[in-house]
Every structure is written in structure tokens, then in C-alpha cells.
Amino acid sequence: VQLVESGGGLVQPGGSLTLSCAASGFTFSNYDMSWYRQVPGKERELVASISTAGGLTSYAASVKGRFTISRDNGKNTVYLKMNSLKPEDTAVYYCNAVPRITATRPQFDSWGQGTQVTVSS
């Protein structure tokens, strides 16, 4: 299993970013996928999830209405479009498969390197 996140960076409050996660080593289209984030000293937090075909999505209350998760099964890639970013969104963002869209624990024990998102003026 390999998960490669990209697209992070420094953005001002109110700005936008789109993260990407390229997956390999498993049948991507068979798995619901999720984005997580983590700040130093805190547990990894589930941010958003999407079903295998993309028809169902779920979001943490803290990002609902601002973030949009999507996927392209032809490219084995899941995306996270983040709008109206706030300083509290600052974290390292990771993706992983999940056993089902309602799950909080990831499918795989291995993680990618993550991508840093910093929201600051």
C-alpha cells in the first residue's frame, strides 16, 4: 500500500487549497476513502470520507460546508477541496482507505508522509 499526499502549503485565512492523494498497492475503487489531519500532540482526526463510487460523503462538523471530498477511480486519486480556511485547519493532512464510510479507523496501518497545511496571515 502506498499513499502519496500533495497540495498543501501556506495560505491566508479565508483562502483555498486542494489536496490530492495518489493511492497504489490495492484496488482503489473497492474502498471507501477518508482524509485525516493531525497537529502535534493531538490524535489524528477524521475530516471527510467518500464511498467507493463517490455517491456518499461525510464530514466532520468542523469542516462541513467548507471542505469537499471527491475521487477519481480512473486515476486512483482522492481529493480534498478546502475553502474558507481557518487557522485551526492548520495540520498535516493524510488519506487512507476505510472499511466503510462510517468508520473512523483506517483500513491500512501504513500512512503516507502527509501534506502540511498552514493557515496564517
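Presented here is an overview of the structure given in this document. (Residues numbered from 1 in each chain as written. Predicted model: local features only at pLDDT ≥ 70, side-chain atom pairs only at ≥ 80, totals over all residues. Heavy atoms only, no water.)

Re the nonpolar core
Right, so step 1: By size, the foremost hydrophobic cluster in this structure holds 28 residues, and its most contacted members are Trp35, Val78, Leu80, Met82 and Tyr93.
Right, so step 2: Listed by contribution, the elements that provide at least two residues to this core are β3 (17-24), β4 (32-38), β5 (45-50), β7 (67-72), β8 (77-82), β9 (91-98) and β10 (115-119).
Right, so step 3: Excluding residues within four positions of it along the chain, Val78 makes contact with Leu19, Ser20, Cys21, Phe28, Met33, Trp35, Ile50, Ile69, Ser70, Arg71 and Cys95. (Core = buried A, V, L, I, M, F, W, Y, C linked by side-chain atoms within 4.5 Å. Buried < 20%, exposed > 50% of the residue type's maximum accessible area, 1.4 Å probe, protein only. Helix = DSSP H or I, 4+ residues; strand = E, 2+ residues; numbered from the N terminus. Contact = heavy atoms within 4.5 Å.)

So, the sheet that holds β3
Right, so step 1: The strand order across the open sheet formed by 4 strands is β1-β3-β8-β7, and the pairing between neighbours is antiparallel. Each edge of the open sheet is held by one strand with a lone partner, namely β1 (2-6) and β7. Going across the sheet, the axis of each strand differs from the next one's by a mean of 15°, ignoring polarity.
Right, so step 2: Judged from the 6 bridges that link them, β7 and β8 form a sheet pairing that is antiparallel. Bridge pairing in β8 places Arg71 opposite Val78. (Pairing = 2+ DSSP bridges. Axes fitted to C-alpha atoms, helices over the stretch in contact; angles between N-to-C directions.)

Observations concerning the environment of Thr57
Right, so step 1: Mapped onto the elements of the fold, Thr57 is located in strand β6 (residues 57-59).
Right, so step 2: By relative accessible area, Thr57 is classed as partly exposed at 37%.
Right, so step 3: A sequence separation of 12 residues divides Thr57 from Ile69, and the C-alpha atoms of the two residues are 7.2 Å apart.

Concerning the side chain of Arg66
Right, so step 1: By the secondary structure assignment, Arg66 is in the loop between β6 and β7.
Right, so step 2: You can call Arg66 buried: its relative accessible area is 11%.
Right, so step 3: There is a polar contact of 3.0 Å between the side chain of Arg66 and the backbone oxygen of Ser84.
Right, so step 4: When sequence neighbours within four positions are dropped, the list of residues in contact with Arg66 reads Lys81, Met82, Asn83, Ser84, Leu85, Lys86 and Asp89. (Polar contact = N/O pair within 3.5 Å; in protein donor to acceptor, adjacent residues only side chain to side chain.)

Examining the pattern of salt bridges
Right, so step 1: This structure, assessed with the given rule, holds 3 salt bridges.
Right, so step 2: In this structure, Asp89 and Arg37 form a salt bridge, with 2.9 Å as the shortest nitrogen-oxygen distance. Here the residue Asp89 occupies a position in the loop between β8 and β9, and Arg37 occupies one in strand β4, the gap between them amounting to 52 residues. Comparing Asp89 with Arg37, the two get one shared label, buried.
Right, so step 3: Salt-bridge contacts for Arg66 lead to Asp89; the nearest nitrogen and oxygen are separated by 2.7 Å. (Salt bridge = Lys/Arg side-chain N within 4 Å of Asp/Glu carboxyl O.)

Some thoughts on the state of the cysteines
Right, so step 1: Overall, the coordinates contain 1 disulfide when judged by the stated rule.
Right, so step 2: Each disulfide pairs two cysteine sulfurs, and for Cys21 the partner residue is Cys95, the sulfurs being separated by 1.7 Å. Linking Cys21 in strand β3 with Cys95 in strand β9, this pair joins segments that are 74 residues apart in sequence. (Disulfide = S-S within 2.5 Å.)

Comments concerning the packing of aromatic side chains
Right, so step 1: A full pass over the atoms with the stated rule returns 6 aromatic pairs.
Right, so step 2: When the centroid spacing of 5.5 Å and the interplanar angle of 50° are considered together, the rings of Tyr31 and Phe108 count as tilted. Placement of the pair is Tyr31 in the loop between β3 and β4 and Phe108 in the loop between β9 and β10, with a sequence separation of 77 residues.
Right, so step 3: Residues Tyr36 and Trp111 carry aromatic rings whose centres are separated by 5.2 Å and whose planes lie at 85° to one another, so their mutual orientation is edge-to-face. In this pair, Tyr36 sits in strand β4 while Trp111 sits in the loop between β9 and β10, placing the two residues 75 residues apart along the sequence.
Right, so step 4: In this structure Trp111 comes out as partly exposed when scored by relative accessible area, which is 28%. (Phe/Tyr/Trp six-rings, centres within 6.5 Å; stacked < 30°, edge-to-face > 60°.)

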